[in-house]
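Next come the chains, spelled out residue by residue.
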Amino acid sequence: MAWRSARRAPEHSEQPLAGFKLAHPMLSADGSRAGFCGVTVGRGHVYLAVDDAICVQGSRHASPSKWCDCGFYCFHDVASARDLACEPEHRNAVLLEVAASGRYRRYERGLRYSRQRVRSVRVSRCDCGQPATVLVDTGAGSTGWRQLLPTCLACVGARPRLELQAFARLAGHGVTISGEAAPVDADLSGAGQVALLHAEMALLQARLDDLQSRLDALTRGSDG
Amino acid sequence: MQLGRKLAEGYAVDPEAEEAAPPVAEVPVEPRVEVEAPVEPVRA
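No experiment lies behind these values; they were computed from the predicted model shown.

Asks: What's the story with the overall build of chain A in this structure? I'm lost.
Replies: When its secondary structure is counted, chain A shows 4 helices and 12 strands. Considered along the principal axes of its C-alpha atoms, chain A spans approximately 100 × 45 × 30 Å. Burial analysis of chain A (224 residues in total) assigns 33% to the buried set. Within chain A, contacts between residues at least 6 apart in sequence are counted, and of these 58% link residues at least 24 apart.

Asks: Looking at this structure, how should I read the interface of chain B and chain A?
Replies: Taken together, the contacts link 18 residues of chain B with 31 residues of chain A. Where the side of chain B that touches chain A is concerned, the elements lending two or more residues are strand S1 (6-12) and helix H1 (15-20) of chain B. Ranked by the residues each element gives to the side of chain B that touches chain A, the list is headed by S1 of chain B, at 7 residues. Residue classes in the side of chain B that touches chain A are distributed as 11 nonpolar, 2 polar and 5 charged. Sheet analysis places strand S7 (residues 94-107) of chain A next to S1 of chain B, joined by 6 bridges and oriented antiparallel. Counted as the bridge partner of tyrosine 107 of chain A is lysine 6 of chain B from S1 of chain B.

Asks: What's the story with the nonpolar core in this structure? I'm lost.
Replies: The tendency in soluble globular proteins is for nonpolar side chains to be buried as a group. Residue and element names in this part refer to chain A. By size, the foremost hydrophobic cluster in this structure holds 50 residues, and its most contacted members are Ala23, Met26, Cys74, Leu96, Ala100, Val118 and Val121. Elements with a minimum of two residues in this core: strand S2 (17-28), strand S3 (34-38), strand S6 (72-75), S7, strand S8 (110-123), strand S9 (134-142), strand S10 (145-151) and helix H3 (164-171). Here this core gets 7 residues from one element, more than from any other, and that element is S7. When neighbours within four sequence positions are excluded, leucine 96 is seen to be in contact with Phe20, Lys21, Ala23, Phe36, Val118 and Val121.

Asks: Please clarify how unusual backbone geometry should be interpreted in this entry.
Replies: Backbone phi values are negative for most residues with the exception of glycine, while trans is the configuration of most peptide bonds. Residues and elements named next belong to chain A. For the bond running from serine 63 to proline 64, omega is 5 degrees, close enough to zero to count as cis. Structurally, the position occupied by proline 64 is in the loop between strand S5 (50-52) and S6. For histidine 173, which is not a glycine, the phi torsion comes out positive at approximately 55 degrees. When you line up the elements, histidine 173 lands in the loop between H3 and strand S12 (176-179).

Asks: For this particular structure, what's the right way to read H3 of chain A?
Replies: At 3.6 residues per turn, the α-helix brings residues three or four places apart onto the same side. Residue and element names in this part refer to chain A. Listing the buried residues of H3 in full gives Leu164, Phe167, Ala168 and Ala171. What you see down the axis of H3 is that its buried residues fit within an arc of 100 degrees, all on one side. Looking at H3, the residues exposed on the side facing more than 90 degrees away from the buried face are Gln165 and Arg169. Those residues of H3 that are buried lie in contact with S2, S3, S8, S9, strand S11 (161-163) and S12. Count one or two residues on from H3 and you reach glycine 172, which has phi positive near 75 degrees.

Asks: How do you make sense of the environment of proline 150 of chain A when you look at a structure like this?
Replies: Residue and element names in this part refer to chain A. Within the fold, proline 150 resides in strand S10. Assessed through the 26 C-beta atoms surrounding it within 10 Å, proline 150 is described here as buried. Taking the C-alpha atoms as reference points, proline 150 and glutamate 97, separated by 53 residues in sequence, lie 17 Å from one another. Apart from the residues lying within four places of it in its own chain, the contact partners of proline 150 are Asn92, Val94, Val123, Ser124, Cys126, Ala132 and Leu135.

Asks: Any chance you could explain the confidence of the model for chain B here in plain terms?
Replies: Interpretation of the predicted coordinates at a detailed level should be avoided for regions scoring low in pLDDT. On average, residues of chain B score 72 in pLDDT, and 45% of them are at 70 or above. Scored as a whole, the predicted complex attains pTM 0.74, and scored at its interfaces, ipTM 0.72.

Asks: How should I be thinking about the pairing of S9 of chain A in this particular structure?
Replies: Residues in a regular strand project their side chains so that they alternate between the two faces of the sheet. Residues and elements named next belong to chain A. Sheet topology note: the S9/S10 ladder contains 6 bridges and is antiparallel. Across the sheet, serine 142 pairs through a bridge with tryptophan 145, a residue of S10. Hairpin connection between S9 and S10: a loop of 2 residues separates the two successive antiparallel strands, and glycine 144 in this loop has a positive phi of roughly 85 degrees.

Asks: Can you help me understand the environment of aspartate 209 of chain A in this one?
Replies: All names here are of chain A. Mapping aspartate 209 onto the fold places it in helix H4 (residues 190-223). Using a count of 10 C-beta atoms within 10 Å as the deciding quantity, one classes aspartate 209 as exposed. As for aspartate 209 and alanine 195, which are separated by 14 residues in sequence, their C-alpha atoms are 21 Å apart.

Asks: Help me understand the environment of valine 121 of chain A, please; the structure alone is not making it clear to me.
Replies: Residue and element names in this part refer to chain A. Within the secondary structure, valine 121 is located in strand S8. Residue classification places valine 121 among the buried positions, given that 24 C-beta atoms sit within 10 Å. Linking valine 121 and glutamine 147, residues 26 residues apart in sequence, is a C-alpha distance of 15 Å. Residue contacts for valine 121: discarding those within four places in its chain leaves Val94, Leu96, Ala168, Val175 and Ile177.

Rules used in this analysis
Residues numbered from 1 in each chain as written. Chains lettered and ligands numbered in written order. Predicted model: local features only at pLDDT ≥ 70, side-chain atom pairs only at ≥ 80, totals over all residues. Helix = DSSP H or I, 4+ residues; strand = E, 2+ residues; numbered from the N terminus. Buried ≥ 20, exposed ≤ 12 C-beta atoms within 10 Å, placed from the backbone. Contact = placed C-beta atoms within 7 Å. Nonpolar A, V, L, I, M, F, W, Y, C, P; charged D, E, K, R; others polar. Pairing = 2+ DSSP bridges. Core = buried A, V, L, I, M, F, W, Y, C linked by C-beta atoms within 7 Å. Arc of directions from axis to C-beta. pLDDT = per-residue confidence, 0-100.

In structure tokens, the structure reads:
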């Protein structure tokens, strides 16, 4: 009886494979280049819009290797990437649509591969819930690179900002960037809208009361 | 990132990425240093 070999012939594709992943947007220290930083394996390494994988463990073998966990990673479907984005430490990450190419290893839920081209960047919401329209310095980063955070204009304050389209231009290679749409009030029922308006009025009233008390204090100070 | 069980290996071509890929850095060749072991004189 002949033994059946479990080894399958390598696949070959004449076009890149589509994938989805999370990353942190990065800006070079001189502000001339935009890149990305992984959220799991290789989170200390910054890659460009088109780049080749290297072994982040410091080995000089070709990446990805059978004996190592290095290489670019992505999911087959966008839902898996969105699921990962629910974890608290990944809430501020952006969603990348990538074209995977070169040598690859195909798994049930995704790929590990050697060459990557970022096609599009989808920016998450600002922490306040509004759509993010700019990127600001988080204060984190790695040598030569600053990590950026998607933020709305109301929360940006005095921090230096980078417009989303400026980030896409710096990334180059036709990378497109978009943000999430504003919350849609029409999804709320009538009762939900009434509750929301009551909450907004209470907030405004509290703000007015605060302003009035500060104004009174200033008026008393100037009179005395 | 948990990807599950490995199913296959392969190679995919992306002409756009190959045109734009950064040049592969050449590994500098370190000069080879020949060290001659001192030969102690042999006394007869």
